[in-house]
Amino acid sequence: LHGELVMTYWVIEEMSVTKQKYVVESYTKEGAIELYSTTESVDEEHISDSVFSIYAINLFEYQQTYKNSPQMDWIGSSMVLNPR
């Protein structure tokens, strides 16, 4: 195919690191660990967005892994779920 662009599927992975502090009341360390996931954090600090990767996948990989996965799309200023 001369001069014709072919669409490629790209997977972009981004990981951001956020530090959160929780204060829970418990008799044991194990009890505190169980409680924190249902407790609101008292402090949150954004650390980094430095981990980023992008790689191409073929049509078979797309169909097997991503085709029926919901993806988040930007519409205006809010994010909405876009089942593709």
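Every residue gets a number counted from 1 within its own chain, in the order that chain's sequence is written. With the structure being a predicted model, the display of local features is reserved for residues of pLDDT at least 70 and the display and counting of side-chain atom pairs for 80 or more, all residues being used for whole-chain, interface and lining totals. Heavy atoms throughout the structure, all of them, feed into the side-chain values; hydrogens and water do not.

## Some details on the overall build of the chain
The test is simple: Strands are runs of DSSP state E lasting at least 2 residues, helices are runs of H or I lasting at least 4, and numbering of each runs from the N terminus. Working rule for contacts: check all heavy atoms of both residues, and any pair within 4.5 Å makes them a contact.
Of the regular secondary structure elements, the chain holds 2 helices and 4 strands. Helices and strands in the chain line up, N terminus first, as β-α-β-α-β-β. Long-range contacts, defined here as pairs at least 24 residues apart, represent 54% of the contacts in the chain between residues at least 6 apart.

## Re the confidence of the model for the chain
Residues shown with low pLDDT carry predicted positions that ought not to be read at fine detail. Formally: As a per-residue quantity, pLDDT reports the predictor's confidence and falls between 0 and 100.
In this model, the chain carries an average pLDDT of 78, and 77% of its residues clear a pLDDT of 70 or more. By mean pLDDT, the top-scoring element of the chain is helix α1 (residues 29–36) (91), and the lowest-scoring one is strand β4 (residues 78–83) (41). Within the model, the stretch residues 74–84 combines pLDDT values under 50 with 20 contacts to residues more than four positions away or in other chains.

## Let's talk about the environment of Glu13
Here is the rule: Burial status follows relative accessibility: with a 1.4 Å probe on protein chains alone, a residue under 20% of its type maximum counts as buried, one over 50% as exposed, and anything between as partly exposed.
Counting through the fold element by element, Glu13 comes out in strand β1 (residues 9–21). Residue classification places Glu13 among the partly exposed positions, given a relative accessible area of 41%. The sequence separation of Glu13 and Ser53 amounts to 40 residues, and the corresponding C-alpha distance is 5.3 Å.

## Examining the environment of Asp49
By the secondary structure assignment, Asp49 is in strand β2 (residues 43–57). Exposure remark for Asp49: the relative accessible area of 41% places this residue in the partly exposed category. Those residues in contact with Asp49 that sit more than four places away from it in its chain are Glu14, Met15 and Ser16.

## A short note on the packing of aromatic side chains
We apply this condition: We call Phe, Tyr and Trp rings a pair once their centres come within 6.5 Å, taking the six-membered ring for Trp, and we label the pair stacked below 30 degrees between planes, edge-to-face above 60, and tilted otherwise.
Counted under the stated rule, the structure contains 2 aromatic pairs. Both rings, one in Tyr9 and one in Tyr62, keep their centres 3.8 Å apart while their planes meet at 10 degrees; by these two values the pair is stacked. On the criterion of sequence distance, the pair formed by Tyr9 in strand β1 and Tyr62 in helix α2 (residues 59–66) is long-range, its members being 53 residues apart. With a centroid separation of 5.0 Å and an interplanar angle of 70 degrees, the aromatic rings of Tyr22 and Tyr36 are classed as edge-to-face. You can see Tyr22 sitting in the loop between β1 and α1 and its partner Tyr36 sitting in helix α1, a full 14 residues away along the chain. Under the relative-accessibility criterion, Tyr36 is labelled partly exposed at 40%.

## Some details on a nonpolar patch on the surface
Definition in use: Each patch is assembled from residues with relative accessible area greater than 30% and no salt bridge, linking like charges that lie within 9 Å and nonpolar side chains (Val, Leu, Ile, Met, Phe, Trp, Tyr) that lie within 5 Å. Computed by Shrake-Rupley with a 1.4 Å probe, the accessible areas treat only the displayed protein chains as cover when residues are assessed. We count a salt bridge whenever a side-chain nitrogen from Lys or Arg sits within 4 Å of a carboxyl oxygen from Asp or Glu.
A cluster of nonpolar side chains, contributed by Trp10, Ile12, Phe52 and Ile54, occupies part of the molecular surface with about 470 Å² of accessible area. Of all elements in the fold, only β1 and β2 reach the threshold of two or more residues within the nonpolar patch. Mapped onto the elements, Trp10 comes out in strand β1. The exposure class of Trp10 is exposed, given its relative accessible area of 54%.

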